Amino acid sequence: MPLIQAPLPYDKQALEPHMSGRTLDFHYGKHHKAYVDNTNASTKGTALENADLAAIIKSAKDSGDRKLFNNSAQVWNHEFFWQSMTPKAAAPTGKLAEWLARDFGGLDQFKQAFKAEGLGHFASGWAWLVLEGGKLKITSYHDADTPLVHDGVVPLLTADVWEHAYYLDHQNARANFLDAFLNHLADWQGAARKLDAAQ
C-alpha cells in the first residue's frame, strides 16, 4: 500500500501569527506532499512498495539509494516536525525540565544553544534535541539525514532549517524563525512524552 501523507495535528491557521497558514500551504501542501509522492513513485513495483516508512528509509540508507533515502527520510522528518509544534505551547515540566537544567543549565540556556546550532548549520537541514547516552544533546543533520538511521539517538524535538520552512514568513531571517519556534511553537509536552517513552 502506498504511503499516505499524515494529516497535520492542527489546522493550517492554528500556528498563526508565528507560522502562517500560507507557509503551511506550501510547506505541508507542496514540499512534504512531493516527498510522499516521490517515495511512492520510487517504491512502486518493488519489494518496498508495501513497506512501512521506517523500513523504506533504512533500506534506502543500507543500499545507498540516495534519491529514495532523501525523499523518504524527508517524509519522516516532516512528520516529526509537525509533531514538534503546537498552538498551545507551554513551558516544559517534570523530567524534561529537570534534564534541560541538568544538561544545559535551564530552558533559556537550551534555547540559546539550540538557536546557535540552527543558525550555524550551513545550508539545508534540521536542528534536533535528542536523547543519546542518557543525556539530552543538541545536534543538526544535513539535508534529509535523520536520527532514525543513527544508532542510540532518540529524537525529541526538531526544527526544519531548510529555507522553505520560514522564507514566506521571515524571508532570509532564520534567527527570527528559530525564535518563533522556541518561544511560541515548540511542543514541550510532546517532547516530554517521547523522553518518558525512551526510558
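Read on for an overview of the structure. Just so it is clear, the structure is predicted and the values come from calculations on it, not from any experiment.

Here we look at the environment of aspartate 103
Argument step 1. Among the structural elements, aspartate 103 can be located in helix H4 (residues 94–104).
Argument step 2. On the accessibility criterion, aspartate 103 (23% relative accessible area) is partly exposed.
Argument step 3. Along the chain, aspartate 103 and serine 42 lie 61 residues apart, while their C-alpha atoms are 41 Å from each other.
Argument step 4. When residues no more than four places from it in sequence are discounted, the contact partners of aspartate 103 are Lys135 and Leu136.

Comments concerning the environment of valine 154
Argument step 1. Topologically, valine 154 is positioned in strand E3 (residues 153–160).
Argument step 2. In sequence terms valine 154 and tryptophan 76 are 78 residues apart; their C-alpha atoms lie 14 Å from each other.
Argument step 3. Setting aside residues no more than four positions away along its own chain, valine 154 makes contact with Leu129, Val130, Leu131 and Ala198.

Notes on helix H5 (residues 107–120)
Argument step 1. Over its 14 residues, H5 runs 20 Å from end to end, which matches the ideal 20 Å to within 8%, given 1.5 Å per residue.
Argument step 2. Among the residues of H5, Phe110, Lys111, Phe114 and Gly118 are the ones counted as buried. When H5 is viewed along its axis, its buried side chains cluster within an angular range of 100 degrees and face the same direction. Exposed and oriented more than 90 degrees from the buried face of H5 are Asp108, Gln112 and Gly120.
Argument step 3. Looking at the packing, one finds that the buried side of H5 touches H4, strand E1 (125–132), strand E2 (135–142), E3, helix H7 (174–185) and helix H8 (188–198).

Some details on the sheet that holds E1
Within a beta sheet, neighbouring strands are joined by backbone hydrogen bonds and run either parallel or antiparallel to one another.
Argument step 1. Read from one edge of the open sheet, 3 strands run E2-E1-E3, paired in antiparallel fashion. Single-partner strands in this sheet number two, and they are E2 and E3. Averaged over neighbouring strand pairs, the angle between their axes works out to 30 degrees when direction is ignored.
Argument step 2. Pairing analysis gives 7 bridges linking E1 to E3, with the strands arranged antiparallel. Of the residues in E3, the one forming a bridge with tryptophan 126 is aspartate 160.
Argument step 3. Running at roughly 80 degrees to E2, H4 makes contact with E1 and E2 of the sheet.

Calculation rules
- Residues numbered from 1 in each chain as written.
- Predicted model: local features only at pLDDT ≥ 70, side-chain atom pairs only at ≥ 80, totals over all residues.
- Heavy atoms only, no water.
- Helix = DSSP H or I, 4+ residues; strand = E, 2+ residues; numbered from the N terminus.
- Buried < 20%, exposed > 50% of the residue type's maximum accessible area, 1.4 Å probe, protein only.
- Contact = heavy atoms within 4.5 Å.
- Expected span 1.5 Å × (residues − 1).
- Arc of directions from axis to C-beta.
- Pairing = 2+ DSSP bridges.
- Axes fitted to C-alpha atoms, helices over the stretch in contact; angles between N-to-C directions.

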